[in-house]
Amino acid sequence: MQFVNNGPNIPEKLLQAHEEGKVVFFCGAGISFPAKLPGFGGLVRSLYENLGVVPSPIQEQTLKLGQFDTAVSLLEATRPSSEWRNAVRKELVNQLKPDYSDANATTTHKALLQLATTKDKRVRLITTNFDRIFQDVSLSEKIDFPIFQAPLLPVPKSRWSGLVYLHGLIPENISDFDLDNLVISSGDFGLAYLNERWASRFVSELFRTYVVCFVGYSLNDPVLRYMMDALAADRLLGESPPEMFAFGNYKTGKNEEKEYEHEKQNWLAKNVTPILYKNHRHHYYLHKTLEKWSETYRDGLVGKQQIVVTTAFTKPSEADLDNGYAYRLAWALSDPTGIPAKTFAQLTPSTY
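Residues numbered from 1 in each chain as written. Predicted model: local features only at pLDDT ≥ 70, side-chain atom pairs only at ≥ 80, totals over all residues. Heavy atoms only, no water.

(A) Main features of the sheet that holds strand S6 (residues 245-250). Overall, parallel pairing links the seven strands, which are arranged S3-S4-S2-S1-S5-S6-S7 in an open sheet. Two strands lie at the open edges of the sheet, namely strand S3 (147-149) and strand S7 (273-278), each paired on one side alone. Neighbour-to-neighbour, the strand axes of the sheet open up by a mean angle of 25°, direction not taken into account. In this structure, S3 lies alongside strand S4 (residues 162-165), joined through three bridges in parallel fashion. Its bridge partner being in S4, Gln 149 is matched across the sheet by Tyr 165. Against the sheet, helix H7 (residues 133-140) touches strand S1 (23-27), strand S2 (124-127), S3 and S4, its axis set at about 155° to S4. Contacts from helix H12 (residues 256-269) reach S6 and S7 within the one sheet, and its direction differs from that of S7 by about 150°. (Pairing = 2+ DSSP bridges. Helix = DSSP H or I, 4+ residues; strand = E, 2+ residues; numbered from the N terminus. Axes fitted to C-alpha atoms, helices over the stretch in contact; angles between N-to-C directions. Contact = heavy atoms within 4.5 Å.)

(B) Looking closely at the state of the cysteines. Applying the stated criterion to the full structure yields zero disulfides. Between Cys 27, a cysteine without a disulfide, and Cys 213, which holds the nearest cysteine sulfur, the sulfur-to-sulfur distance is 8.9 Å. Relative accessible area serves as the criterion here: at 0%, Cys 27 is assigned to the buried category. (Disulfide = S-S within 2.5 Å. Buried < 20%, exposed > 50% of the residue type's maximum accessible area, 1.4 Å probe, protein only.)

(C) Looking closely at the layout of surface pockets. Size it by volume and the largest pocket reaches roughly 470 Å³. Along its surface, the largest pocket is lined by 27 residues, and Tyr 217, Ser 218, Leu 219, Asn 249 and His 283 are the ones closest to its centre. For the lining of the largest pocket, the secondary-structure elements that each account for two or more residues are helix H2 (40-50), S6 and H12. Tallied by class, residues from the lining of the largest pocket come to 12 nonpolar, 11 polar and four charged. (1 Å grid on protein atoms, 1.4 Å probe; cavity = no way out; pocket = protein on both sides within 12 Å on 5 of 7 lines; lining within 4 Å. Points joined across faces, edges and corners; volume = space filled by probe spheres on them. Nonpolar A, V, L, I, M, F, W, Y, C, P; charged D, E, K, R; others polar.)

(D) Structural context of the pattern of salt bridges. Going through the model one piece at a time under the given rule, you end up with 18 salt bridges. The salt bridge involving Arg 89 is made with Glu 76; its shortest N-O contact spans 2.9 Å. Placement of the pair is Arg 89 in helix H5 (residues 82-95) and Glu 76 in helix H4 (residues 68-76), with a sequence separation of 13 residues. Note on Glu 76: relative accessible area 10%, which makes it buried. Residue Lys 288 is joined to Glu 291 by a salt bridge in which the shortest nitrogen-to-oxygen separation is 3.3 Å. Of this pair, Lys 288 and Glu 291 both sit in helix H13 (residues 284-312), three residues apart, roughly one helical turn. Each of Glu 76, Arg 85, Arg 89, Asp 180 and Asp 188 takes part in salt bridges that share partners, so that together they form one network. (Salt bridge = Lys/Arg side-chain N within 4 Å of Asp/Glu carboxyl O.)

(E) Representation of the environment of Leu 276. As for its position among the elements, Leu 276 is in strand S7. What makes Leu 276 buried here is its relative accessible area of 9%. Sequence separation between Leu 276 and Glu 263 is 13 residues; the distance between their C-alpha atoms is 8.2 Å. Not counting residues within four places of it along the chain, the set of residues in contact with Leu 276 comprises Pro 8, Gly 248, Asn 249, Tyr 250, Tyr 260, Glu 263, Lys 264 and Trp 267.

(F) Broad picture of the environment of Asn 50. When you line up the elements, Asn 50 lands in helix H2. For Asn 50, a relative accessible area of 42% translates into the label partly exposed. Sequence separation between Asn 50 and Glu 91 is 41 residues, and the spatial gap between their C-alpha atoms is 7.7 Å. When near neighbours in sequence (up to four residues on either side) are disregarded, Asn 50 contacts Glu 91 and Gln 95. A distance of 3.1 Å separates polar atoms of two side chains, one belonging to Asn 50 and the other to Glu 91. (Polar contact = N/O pair within 3.5 Å; in protein donor to acceptor, adjacent residues only side chain to side chain.)

(G) Structural context of the nonpolar core. One finds Phe 25, Phe 247 and Trp 293 to be the most contacted residues of the largest nonpolar core, which totals 40 residues. Per-element tally for this core: the top contributor is H13, with five residues. Not counting residues up to four positions away in its chain, the partners in contact with Trp 293 are Phe 3, Ile 10, Leu 14, Leu 15, His 18, Phe 25, Leu 115 and Phe 247. Val 164, Phe 202, Val 212 and Met 228 belong to the second-largest nonpolar core, a separate cluster that totals 35 residues. (Core = buried A, V, L, I, M, F, W, Y, C linked by side-chain atoms within 4.5 Å.)

(H) Up close: empty space enclosed by the protein. Counted according to the given criterion, the structure contains two cavities of 30 Å³ or more. Taken as a whole, the largest cavity encloses approximately 230 Å³ of empty space. Ala 29, Phe 40, Thr 128, Asn 129 and Phe 130 are, among the 20 residues lining the largest cavity, the residues nearest its centre. Tallied by class, the residues present in the lining of the largest cavity amount to 12 nonpolar, six polar and two charged. Lining the second largest cavity we find His 18, Gly 21, Val 23, Leu 115, Ala 116, Thr 118, Arg 124 and Tyr 297. Here the lining of the second largest cavity is composed, by residue class, of four nonpolar, three polar and one charged.

Take a look at the structure:
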């Protein structure tokens, strides 16, 4: 179903699982772009530049290959001391100060918090970001929920509720201890996912229990690589987690169909079902879709009835067939209460 014309088509099984409270959104750096925060690659390159470190040939190679976690480890190793490591991480904090000047700077965060709130008022949301935008939104919107941050994580069973900062959170009052707990270098990832395994245990349990939807990650994000490796180990033991989904973008232009299929197959190779959207104006279709989806979910039956009324009296064009006209109406009519269907039945037939 498409919530936005030309936007991504969200699978019906994901919508249904979300209605049943079985979906957990897993949020990456892409959700913070409207607040002018960088992605992982941009962040790491800024660390080198602002700390005055000219990348060596091996450092430059890791940056070009997108091995940003390794690039951070190599940066911290240029001066093997705790003072330098802290200096690197303090600069990371400086790079992650959100800019709220844009009217839509926090719109996506608000939408995700709405989508992550179940009908029994539990919040189930996970982010690998360090920034405090969700915290700022919770204060401005007066939303209260438990907070968990690495390495002290909950057991993600059915009774779990809260926002999880899987790789750590920048605290209001910075300390060396807090900086040390941020998972950003390959060494940090190794401890979290391979040696101490607290992150991989959390991820494995989560994926066994819930349908997970990734938002704001690129296909080759190092974060995804570590999580997929952890899940691959579970599969070798015979585990079969629920289906995973991920929002992803593809290039438009002359080879648009080819780009779409290429991106789709790459996600499927990771055992993730992609929800693809056109790469347009700073991921416009992603952010707008999440906003509209959250509004419909927030409004509940009223939102579905609104879809029925507005769609039923709109004469579909040929373009509407590709924009999910029928799917939107069918999804609203399929509500188990039957109320949207009753609304549809009571409408006066339109004549054209």
